[in-house]
Amino acid sequence: MTSQPAPGANQDRRRDAGRTRSEILSVATAEFARQGYTGARVDEIAALTHTTKRMIYYYFGSKEQLYTAVLEQAYAEVRSAERALDVDHLGPVEAIRTLAELTFDHHDAHPDFIRLVSIENIHRAEHIRTSPALANLGMPVVDLIGRILEAGRASGAFATTADAIDVHMMISAFCVFRIANQHTFEALFGRDLTAAKHRTRHRRMLGDMIAAYLTEGARANR
């Protein structure tokens, strides 16, 4: 007589599998951010997760697929935060400032994300280009910025003709620079860009910079 799985056994196995996969991704994120794609070792990730290389390949297929999964999760997290942002009740200036500050907060809290982006740029985005999950992941934030810009131009608050991707680039440039270049900047200028004493000022600077760029022409015409 064939024994049947106990009630809930399959669910428990799925839960355990999900937990194992999540742990592997967490450790792999730190290792790829620290060592780069080439330098990171699957054996080391396996040791840190108390699993085996074979088990990692069971869940992810290969080192390249594991790295791509890390990128997918990292980008999905920031996009999820952006999608959850409710700015419909705000005026356009406050809305774009709020979005800029959200980006600042996320990048400040997730330096590994910035390191992964830098590493993937070294590889000319070859892994991102092959990921269907990342193909259109940037569009929601671009659409959100586009709606804010349209509302700002309609109300007369914004005068610039900048498009949503340009504005997204401006916000990202500031946020990424202070994390990605913190060590060289400190060596050259003696200032730790990520020090707590600078955080509030930098966060406000970013919002002021974006708001000033978008509203400058509108203020001049009043």
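Since we're looking at a predicted model, the values are computed, not measured. (Residues numbered from 1 in each chain as written. Predicted model: local features only at pLDDT ≥ 70, side-chain atom pairs only at ≥ 80, totals over all residues. Heavy atoms only, no water.)

1. Some thoughts on the overall build of the protein
The number of helices and strands found in the protein is 10 helices and zero strands. Taken over C-alpha atoms, the radius of gyration comes to 22 Å for the protein, far larger than the 17 Å a tight globule of 222 residues would show. For the protein, the spread of C-alpha atoms along the three principal axes comes to 85 × 45 × 30 Å. Residues counted as buried form 39% of the 222 residues belonging to the protein. Restricting to contacts in the protein with at least 6 residues of sequence separation, those with at least 24 account for 68%. (Helix = DSSP H or I, 4+ residues; strand = E, 2+ residues; numbered from the N terminus. Rg over C-alpha atoms; globule rule 2.2 N^0.38 Å. Buried < 20%, exposed > 50% of the residue type's maximum accessible area, 1.4 Å probe, protein only. Contact = heavy atoms within 4.5 Å.)

2. Concerning helix α4 (residues 63-83)
If you check α4, its first and last C-alpha atoms are 30 Å apart, about what 21 residues at 1.5 Å a residue would give, namely 30 Å. Taken as a whole, α4 has its buried residues at K63, L66, Y67, T68, A69, V70, L71, A74, Y75, V78, R79 and E82. (Expected span 1.5 Å × (residues − 1).)

3. Considering the nonpolar core
Grouped together as the largest cluster of nonpolar side chains are 29 residues, with contacts concentrated most on F32, I45, I56, L66 and L116. Elements that contribute at least two residues to this core include exactly α1 (9-39), α2 (42-48), α3 (53-60), α4 and α6 (111-122). Here the element with the most residues in this core is α4; it accounts for eight residues. Excluding residues that lie within four positions of it along the chain, I56 makes contacts with I24, V42, I45, A46, T51, G61 and L66. Ranked by size, the runner-up nonpolar core spans 23 residues in total, among them V141, V142, L149 and F158. (Core = buried A, V, L, I, M, F, W, Y, C linked by side-chain atoms within 4.5 Å.)

4. Points about the pattern of salt bridges
Taken as a whole and assessed by the stated rule, the structure comprises 11 salt bridges. The salt bridge partner of R203 is D105, with a shortest N-O separation of 2.8 Å. Taken together, the residues R203 in helix α10 (residues 196-220) and D105 in helix α5 (residues 92-109) connect sequence positions 98 residues apart. Classification of D105 by relative accessible area gives partly exposed; the value is 24%. Among the salt bridges present, the one from D112 reaches R115, with a minimum N-O distance of 2.7 Å. Highlighted residues: D112 and R115, both in helix α6, separated by three residues, approximately one helical turn. (Salt bridge = Lys/Arg side-chain N within 4 Å of Asp/Glu carboxyl O.)

5. Structural notes on helix α8 (residues 164-180)
Here α8 spans 23 Å end to end across 17 residues, near enough to the 24 Å set by a 1.5 Å rise per residue. For α8, every residue scored as buried is listed here: A164, V167, H168, I171, S172, F174, C175, R178 and I179.

6. Looking at the environment of I45
Checked against the element boundaries, I45 lands in helix α2. Given the relative accessible area of 0%, I45 is considered buried. Distance from I45 to F32, taken between C-alpha atoms, is 9.5 Å for residues 13 residues apart in sequence. In contact with I45, not counting residues within four places along its chain, are I24, V27, A28, E31, F32, I56 and L66.

In short, shape yes, function no, at least from these values alone.
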